Amino acid sequence: MAEKEEKNKHIKVEGQEPEAKKEEETQTSEKETEEKANDKAEDEKGADAEKQEDPLEKANKEIADLKDKYLRTLAEFDNYKKRTLKEKAELILNGSEKTVKAVLPVLDDFERALKDKSDDPKAIKDGVQMIFNKFVKALESLGVKKIDTDGKDFDTDFHEAVAMVPGMGDEKKGKVIDCVQTGYTLNDKVIRHAKVAVGQ
């Protein structure tokens, strides 16, 4: 009887061993899970620390970016400057192209007039008048206008006095009496003053 009880106890203890093992395994797995969680938390802290860059490193990065932007802007401005200078040089060289094109038809008329063998003075005078009128229209198309002087008050902005004519009376005093050389404006800017005689 006593032998049977011992065997049963032994069996019971042996039967209980797997349960104890299960408890130990559970505790071990809980510890492992806890350790993993701690490791994960530490990794996250490390990652956060990496994300929070060193202020000096951040400042150096910003300086490098600004330096790059500055160099690019400087290069762009240098290219713009070179292009502008080139365009300006081309304008100086070819700026008179419009004027020359406007005057060429008048030159053609002069060539035709010179080839004409007519001896009729009236026909020659009419031909010269036509060429003159065409030339004036060509200049007007370029913005060149004649300064009007007939009966105008003397104005230093447009006129240059080359002579003073005395004894013209009070009505003609300070007025343009005669135009010695015609003056012209280009787009309302005086490019040559009219040389005039003024009443005194």
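Residues numbered from 1 in each chain as written. Predicted model: local features only at pLDDT ≥ 70, side-chain atom pairs only at ≥ 80, totals over all residues. Heavy atoms only, no water.

Participant: I would appreciate a short explanation of the overall build of the chain in the present structure.
Facilitator: A tally of helices and strands in the chain yields four helices and six strands. Seen in sequence order, the chain has helices and strands lined up from the N terminus as α-α-α-α-β-β-β-β-β-β. For the chain, the proportion of its 200 residues judged to be buried stands at 10%. In the chain, once contacts between residues fewer than 6 apart in sequence are set aside, the share between residues at least 24 apart is 62%. Here the chain displays about 17,500 Å² of accessible surface, and carbon together with sulfur accounts for 54% of that area. (Helix = DSSP H or I, 4+ residues; strand = E, 2+ residues; numbered from the N terminus. Buried < 20%, exposed > 50% of the residue type's maximum accessible area, 1.4 Å probe, protein only. Contact = heavy atoms within 4.5 Å. Areas by Shrake-Rupley, 256 points an atom, 1.4 Å probe, with all protein chains shown as cover.)

Participant: So what exactly am I meant to see when it comes to the sheet that holds strand 4 (residues 184–186) here?
Facilitator: Reading across the sheet, the three strands line up as 1-4-5 and stay open at both edges, with antiparallel pairing between neighbours. The strands lining the two open edges of the sheet, one partner per strand, are strand 1 (144–146) and strand 5 (189–192). Across this sheet, the average inter-strand angle for adjacent strands is 35°, counted without regard to direction. Of the strand pairs in this sheet, strand 4 and strand 5 are connected by three bridges, and their pairing is antiparallel. Paired with threonine 185 across the bridge in strand 5 is valine 190. (Pairing = 2+ DSSP bridges. Axes fitted to C-alpha atoms, helices over the stretch in contact; angles between N-to-C directions.)

Participant: Mind showing me how you'd approach the pattern of salt bridges here?
Facilitator: Two side chains of opposite charge can pair, provided their charged atoms sit close to one another. Tallying each qualifying case throughout the model produces eight salt bridges. For aspartate 126, the salt bridge goes to lysine 122, with nearest N and O atoms at 3.2 Å. With aspartate 126 and lysine 122 both in helix 4 (residues 121–141), this residue pair falls four residues apart, about one helical turn. Aspartate 148 serves as the salt-bridge partner of lysine 152, at 3.9 Å between the closest nitrogen and oxygen. For aspartate 148, a relative accessible area of 47% gives the class partly exposed. Taken together, the shared-partner salt bridges connect Asp109, Arg112 and Lys134 into one network. (Salt bridge = Lys/Arg side-chain N within 4 Å of Asp/Glu carboxyl O.)

Participant: Honestly, the packing of aromatic side chains in this entry has me stumped. Any pointers?
Facilitator: Aromatic ring pairs are reported here in terms of the distance separating the ring centres and the angle at which the planes meet. For the coordinates displayed, the defined rule picks out one aromatic pair. Ring plane angle 35° and centroid distance 6.4 Å describe the contact between phenylalanine 77 and tyrosine 80, whose orientation is recorded as tilted. Of this pair, phenylalanine 77 and tyrosine 80 are both found in helix 2 (residues 55–94), three residues apart, which corresponds to roughly one turn of the helix. Owing to a relative accessible area of 46%, tyrosine 80 belongs among the partly exposed residues under this scheme. (Phe/Tyr/Trp six-rings, centres within 6.5 Å; stacked < 30°, edge-to-face > 60°.)

Participant: In this structure, what is going on with the layout of surface pockets? I would like to understand it.
Facilitator: Any empty space left between atoms is shown by rolling a water-sized probe over those atoms. A volume near 250 Å³ is recorded for the largest pocket. Lining of the largest pocket is provided by 13 residues; of these, Ala113, Ile124, Gly127, Val128 and Ile131 occupy positions nearest its centre. At the level of elements, helix 3 (97–115) and helix 4 are the ones that each hand at least two residues to the lining of the largest pocket. Looking at which element gives the most residues to the lining of the largest pocket, the answer is helix 4, with six residues. When its volume is computed, the second largest pocket comes out at roughly 190 Å³. Around the second largest pocket, the lining residues are Phe132, Phe135, Val136, Leu139, Glu140, Val144, Lys145, Lys146, Thr182 and Tyr184. (1 Å grid on protein atoms, 1.4 Å probe; cavity = no way out; pocket = protein on both sides within 12 Å on 5 of 7 lines; lining within 4 Å. Points joined across faces, edges and corners; volume = space filled by probe spheres on them.)

Participant: Please clarify how the packing of helix 3 against helix 4 should be interpreted in this entry.
Facilitator: Packed helices, taken two at a time, are described by the angle their axes make and the gap between the axes. Where helix 3 contacts helix 4, the two axes come as close as 8 Å, and the packing angle between them is 170°. One way to sum up the angle between helix 3 and helix 4 is to call them roughly antiparallel. Side by side, helix 3 and helix 4 meet where Ala102, Val103, Pro105, Val106, Asp109, Phe110 and Ala113 of the first sit next to Ile131, Lys134, Phe135, Ala138 and Ser141 of the second. Tallied by class, residues from the contact of helix 3 with helix 4 come to nine nonpolar, one polar and two charged. (Parallel < 35°, antiparallel > 145°, perpendicular 65-115°, else oblique. Nonpolar A, V, L, I, M, F, W, Y, C, P; charged D, E, K, R; others polar.)

Participant: Is there a simple way to think about the environment of valine 190 in this case?
Facilitator: With respect to the helices, strands and loops of the structure, valine 190 is situated in strand 5. Under the relative-accessibility criterion, valine 190 is labelled partly exposed at 22%. In sequence terms valine 190 and lysine 146 are 44 residues apart; their C-alpha atoms lie 9.8 Å from each other. In this structure valine 190 touches Ile147, Asp157, Phe158, Tyr184 and Thr185, once residues within four positions along its chain are discounted.

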